[in-house]
Structures are given as structure tokens and as C-alpha cells.
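Breakdown of the fold
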Amino acid sequence: MESLFFCGAYRDNEVTPTHPFTVALEALQKTGLEVVHIVLGPLRRAHLLELVHDSLQIADGDTLADAVLKKTGGNPFFVKQFMRHLHETKLLVFDPAAGWRWDLPQIARLEYTDNVLSLMAETLRRLPQATQEVLRLASTIGNTFDLDVLNTVSERPPEETYGSLDRALAEGLIVRADGRYRFAHDKVQEAAYSLIPPGDRPAFHYRIARLLLGKLDLGAGRNLFDVVNHLNSAGDLLQAAQERMQSARLNLQAARRAEESAAFTAALKYLEHGMTMLPADAWSSDYELAFVYHTEKGVMESLCGRHDDALATLAGCFDHAMGRLHKTEVRRLKMNVEILKNDLPAALEEGLAALRAFDIHLPPYPDDDMLAAEFERTIAVIGDRPVASLVDLPALNDPEIAVLQDLLQEMFSPTYQLGTNNFGITVMRILQNSIEHGISRNSIYAFVNFGTLLCARLDIEKGHEFGRAAVRLDELHPDKKSESMLCNMWGAWVQHWKDTYEHSKASLRKGIHAGIETGQYIWAFYNTCNACMNSLLRGAHLRDVLEEARLYLPLCKLDKFNAITWMVGAVARCAEAFGAAVDGEPTSAAWADLDAVTEEARRIDNRASLYFLNIFAVLAGVFQGAYAEVAEIWGSTDPGRLGMLAAWHASPCYYYYGGLAFARAAGPADPARRAVYLARLGECAHKVELWAQCGPASFRHRSLILQAELARVQGREDAGALYDLGIAAARRGGSCTTRRWPASSVPAITSTSTGSSWRART
């Protein structure tokens, strides 16, 4: 194909930065394909002048254009309706002798045209009565409606209904598309609805709901929402106990359907209304329905940012919950809310209390001996089974084990961020359960996170096998709510050890979108942070790193307590600081208040956040040339002592830049400190070399540079050759490109002259 032109239209407020459409556009732009964005805004004065002059064939229509702009705000649809209205009311007339004339003072006195809704209502009132009636009925159905549904509620023959729509179609008030009808603008629907007296509206909706219930398939399309919306608008007309219970069940169905579409605010409204339909003794007369209503309402309140309301709802639910399964489920949901509130100690306490109901007694911070014992048990349970064969185990069918696994998975955030060995213990308990009782969706979590633990222990080959098993299990038994978790743990904790940063980035971006779609906001936040960090780690252009961070700001606002997504701001601050080092541009601290983040992390002993903050401090210090300061702070959060944190995709860079700092700080240091720095440089170089053997594309150049630095400070002749090898490896891996990083701050990466210069000095 020689050429292709594609034109698409979308509402920018409905497409997120991680929407597949946005991702596809960015990918096309990176290939060099030209993408032109055409933003359609209101018509401006120049446009209206051209419209008036061309339509009326006049040269002096400035005053009319100004009046139209003032009355319509430049909305193209309203401009058309307003001009039509002026002509029909004789305020814009054609005189054969004098041409077009208009009464400007009278136009200015048209008070109802200052309100678009009033203008449209006035327009509708001039239509035939039959057309007004059918539009009133259509407006109660919704913005879009089917002719057969309109026939049902109008109780008239189809040809008569269609005939009544003819005038509205001709006037452009409704349009036909894909076999359906819709109002040309929301204000047209609102105006048609306003023609129904307020006191008559509940009866309208009640009558429509009863008619639709008898004739529509509620499992098809929007039929369920149409019926439920009418029932909910019927006011106090639903009095019979049977009708109210039917309404409650239908609202629950609508809430679940809305949740599947990530319409969480709408889902919460359905739940709130449905609960008003429940009988006062619902907890005793229909316990299961009451339980489902309260748990789902608590979840939706949390997803809508109403965390305190969610905790109150769930606390009341826990008081009524019967049996271990239901009490555990409520505790798990409370944990989720507490995590979103950044109350990690409370979430950990809640989880440990719930585990005690299963006779699992864990201290908040188990010692290393407990973790080692759990690891030995897990290895014994796995036995000699090939890792890849675990995906073929039979399915779990024990509801008690299933709810326990859900609880153990919910322990992720508090155990991981607080740096407790309970993270590894809870992951291994799910893995043991999966092997002993059968696999479930939680097995995806267990496989990928056990892989994380193995990678942290430097058993990268086996860890990668478990990560691949998790990906394969999700392919065999897809679970949408596990997808965001899997993408994050695979992309930022396991995949990067053997794969490129670019491939890991694709996993993380997929995880953001999956998390938003399914309401797994915590995992969406983790993916967002790791996607930004990935760009920084792989050496993306600083402008691209900043632009990506800006794109994620709307999503970050959902993290109401800044518990997780502060890292996006930290990455942006790094990019701005590095850019200032390159271009001399000023930096801004508005992205993230890292002092406040540090204070909160210390308050609750959030060891993960303290480690991440230290990584940013190390990066900033190296690029500012503060090598001695970095050498002093580097070991304050050694990931080797922080369990699974050593597997995070920034940990190799932490050792790499730490090694650079030790090498540069060793020169002016006193003999004793120099010896300590060189020993640490050797440790960092050794670890990075181990990783380079697994993932040469990402780590080989870093290993060679650290070896070169070690050779330099030891006065060895091979330092120059090692620098050149490191530079060549960086270029092959795509980590050495122009104008990405401050050249003076990172030795031997951005200039091939470094090796030669060193040889000249020696």
C-alpha cells in the first residue's frame, strides 16, 4: 500500500492516557508517522462573521454575528437553532427590495435565549402536538432510543410513531444512526423532558418501567439500565413489597453491570437507591441480599473516594456478617480501603486478625528464621515438579481456601511497603495451597510473587520461570481483575531481569489500563509509578519522561492520599533536575513534596517508600556530583536486607550508581574510608555482573563501566579498554543517545573519548 489516511474522532474527556487508542497514537508517532490533532472548539467571532456573510450574502453582518455569539457561546448546534428561531419569529427577515434585515434591540431583549434550555423548549413548543408528545416520551427513555421501545411506551402503531418523528427529524432535533435514534444535543432532550410537568414525571416513568419490564430482555444492551432508571424515577409510586424487592434486585444487577464498565459513580447510585428498597428487616428476612448490598456499596464508596463512608458501611456489615467466610470477606475489603487511605499499619492489623480465624497466627514482623522455614516448606511442597507443569494442576473448588487466598493476596501492600517478612510468608502460603488444593486466580499472584522472591535471592532463572508460569496461567484461565497485578509484578519485578526495559514498559502500560477498567486502583497506581520509573531507568529522553508524568496526573489524583503515586512526581523532579543540568533550565519542586512523603514514610515505618526515596536521592546526588554524600547514604537502605525489594527494577541502577559514587568518592577520601568505599564498589560491581549474565541488554554496559571504574581507581591499564567496551555495549542496548543525560555526571557513558582520555593521563 502506497499511502493511507485515517481520520478518527473521540471525546478527549473519555480517553485516558493509557487507553489503547492513546497508546496506539503514541506508538505511531514514535515510528515517524505524522499525527495531526484537530481540536474542535466553539465557533469564534471570525467564524460567525464568515457564516453570516456567506449565508445571507451580505457584507455588513458584524452586529448580527456578535449577537449570535453572545446568545449561543459559539456552539455550532445552537447557532443553527438560534438563526432558525430568529427567522421564524420574524426578527430576521428578507426584504426583496432591501435584502436581509434584523431587529437588533429586539434580539437583545429575547431573555429566554440567554438560557439554551429555554431556547430549545421554545423551539419544541412550535412543533405539532403529536411530535411534542412523542419527543416527551423519547426524552424519558434517554438520549438514544430505539423505535420499537418508543412504540412500546407510546402504545401506538409504529407508522404513527414514526410519522410523529418526521418533523423532528426534518428540523434536525433528532438524528438517525445505526438503526437507532438520538437527540441531536443533550439540551434538546432536556428541553423535551422539561415539557412534562414535574408532578407528572414519576407516573410517566412508572408507566414506562412497567411496560418495558413486560416486553424487553433485560440481559440485552441497555435495556436493564433503561428499566431501572425509570423505576428509580418513579418516586413513591413503588409501594408494594414485591415491587420494591424487584426494584432492589434490578438495581443490584445494574450496579454490577455499571461496575464492569468502570462506571463506579453510577454503580454506587444504583446501590444507594436499591438499599432504600430493602425491607427494614433485610438482615434477617434476606440475609444474602443484604450482605451483598453492603459489601458492594462499601467497595464502590471506596472507589469513588469516599473512604470513611466505605469503612462505616463495612463496619456495619461486619457486625451482621455470619460465618467465617463472610467475616473474612468484610475484613479483606476493609483492608483495601485502609490501603487507599495509606493507613498501612491498620491494614496489616486487620489482615492478621482475619488470618487468626483460619488458625494462622503471624506476628507483624516475623524474623528471618520464620521466613527461611516457610521457604523450606514451600520448596518441599513443590518437590521435583517442573515449574511449567504447575499451571496444569486441577482447579480449586474449596470456598474456604478460596476466601483465605483472597485475604492472603490482600496482604500485599501492607507487607510489601512495611517491609515485613509476612510478604514472603503470605505469598508462599498461597503457593502451597495452590499445589495442595488446586489452582485459582490467586495462583497467578502466588506464582509471579514467588518469582519475585527468587529474583531477590539472586535465583533469577528460577524466578523468571515462575513469572512465566503466572503469565501462562493467566492465558489459560484469564482473570481481568488479576491482570493489572500480574502486569505490575511481572513488568517491574521479574521480567526486566532477562528482558529489555522496553518490553517491560509494554507490560506496565497494559497494567495501568487494566487496573482502571476493573477498579483495581491500587494496582493501577503501582503500574503507573513503575511505568514512569521504567522510562527514567532506560534513559528515555527527559522531555518524554516529563510529558509521560504529566499525562498520568489525572490518574494520580485518584490516589487521594498520595500513598503510592508520589513516585510519579519524584520521577518528574529527577527529569527536571537532570534537564537543568543539561540545559541550564530552572527546576520545580511542585511535582511532589518529598519531604512530606519522607516524614509520613518514617511515621509508619514504610520501608519500601524509604528505599525508593533513597534511590531518588542517590540518582540526584550522582548527577549533581555529590559522590561523598551518596556514598554515605547509600547503605542506609540496602535492598539486600529488605526482602523482595531487591527484585525491583530500579535496584540494579541503585547498585550501579552507588558503585559510581563509591568510585568517585574514593579518590579524595582518607585511607580508611577509601578502603570501605573500594570494598563496596567491588560488591556493587560483582552484583551488577551477575545480573548482566542474565540480562546483557540492560546490564552489560553498566557492569563494564563499574569494572572500568574499579580498574581506574586501582591504577590498572585495562581501564580504558573497559570504558570503551561499556560505551559500545550501551550503544548496542540503546542506552547511549544524545541529549538524554548530563554527560559530565555519568563517567564514560556519553562520550567515546573517556577511555582515550584515561589512557592519556596514565
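Refer to the preceding data block for the structure.
This write-up is about the structure you can find in this document.

How each quantity is defined
Residues numbered from 1 in each chain as written. Predicted model: local features only at pLDDT ≥ 70, side-chain atom pairs only at ≥ 80, totals over all residues. Heavy atoms only, no water. Helix = DSSP H or I, 4+ residues; strand = E, 2+ residues; numbered from the N terminus. Expected span 1.5 Å × (residues − 1). Buried < 20%, exposed > 50% of the residue type's maximum accessible area, 1.4 Å probe, protein only. Contact = heavy atoms within 4.5 Å. Polar contact = N/O pair within 3.5 Å; in protein donor to acceptor, adjacent residues only side chain to side chain. Axes fitted to C-alpha atoms, helices over the stretch in contact; angles between N-to-C directions. Left-handed = near helix turned anticlockwise from the far one by under 90°. Nonpolar A, V, L, I, M, F, W, Y, C, P; charged D, E, K, R; others polar. Core = buried A, V, L, I, M, F, W, Y, C linked by side-chain atoms within 4.5 Å. Phe/Tyr/Trp six-rings, centres within 6.5 Å; stacked < 30°, edge-to-face > 60°. Arc of directions from axis to C-beta. Pairing = 2+ DSSP bridges.

Spanning twelve residues, helix α21 (residues 399-410) covers 17 Å between terminal C-alpha atoms, matching the ideal 16 Å at 1.5 Å per step. Burial analysis of α21 places nine of its twelve residues in the buried class, the great majority of the element. Turning to α21, its buried residues number three or more, namely I401, V403, L404, Q405, D406, L407, L408, Q409 and E410. Next to the buried residues of α21 lie α18 (323-340), α19 (344-356), α22 (412-417), α23 (422-437), α24 (441-456) and α26 (480-494). If you check the start of α21, you find a side-chain oxygen 2.9 Å away from the backbone N of E400, and it comes from D398.

On to the packing of helix α11 (residues 201-215) against helix α12 (residues 223-232), then. Running from amino to carboxyl end, α11 crosses α12 at an angle of 145°, the nearest separation of the two axes being 8 Å. Two packed elements cross with a definite hand, and for α11 against α12 that hand is left-handed. When α11 is examined against α12, the residues H205, Y206, I208, A209, R210, L212 and L213 are found in contact with a partner set consisting of V227, H230 and L231. Broken down by class, the residue content of the contact of α11 with α12 amounts to seven nonpolar, two polar and one charged.

Another aspect to go through is the nonpolar core. What tends to happen in soluble globular proteins is that the nonpolar side chains get buried as a cluster. Of all hydrophobic cores here, the largest spans 224 residues; its most connected members are L135, Y416, F447, F450, W493, M533 and W648. Counting 18 residues, the second-largest nonpolar core is a separate cluster that includes L49, I58, L86 and I107.

In this section: the packing of aromatic side chains. Applying the stated criterion across every chain, the model contains 37 aromatic pairs. Note on F375 and F450: the rings are 6.0 Å apart at their centroids and 25° apart in plane angle, and the pair reads as stacked. In this pair, F375 sits in helix α20 (residues 368-382) while F450 sits in helix α24, placing the two residues 75 residues apart along the sequence. A single burial state applies to F375 and to F450, both of which are buried.

Another point: helix α10 (residues 186-194). Where α10 is concerned, the buried positions are V188, Q189, A191 and A192. Across the axial projection of α10, the buried residues extend over an arc of 160°, all falling on one side. Close packing links the buried residues of α10 with α4 (76-88), α6 (116-125), α7 (129-141) and β5 (180-183).

On to the pairing of strand β2 (residues 99-102). In the sheet, strand β1 (residues 92-95) pairs with β2 via four bridges, with the strands oriented antiparallel. Pairing of V93 across the sheet is with R101, part of β2. The antiparallel hairpin formed by β1 and β2 contains three residues in its connecting segment.

Phi angles above zero are rare outside glycine, and N562 is one such case at about 55°. Among the structural elements, N562 can be located in the loop between α30 (553-556) and α31 (566-583). The partly exposed category is assigned to N562, whose relative accessible area is 35%. For D605, which is not a glycine, the phi torsion comes out positive at approximately 55°. As for its position among the elements, D605 is in the loop between α32 (594-604) and α33 (607-623).

Nothing here speaks to function; it is all geometry.
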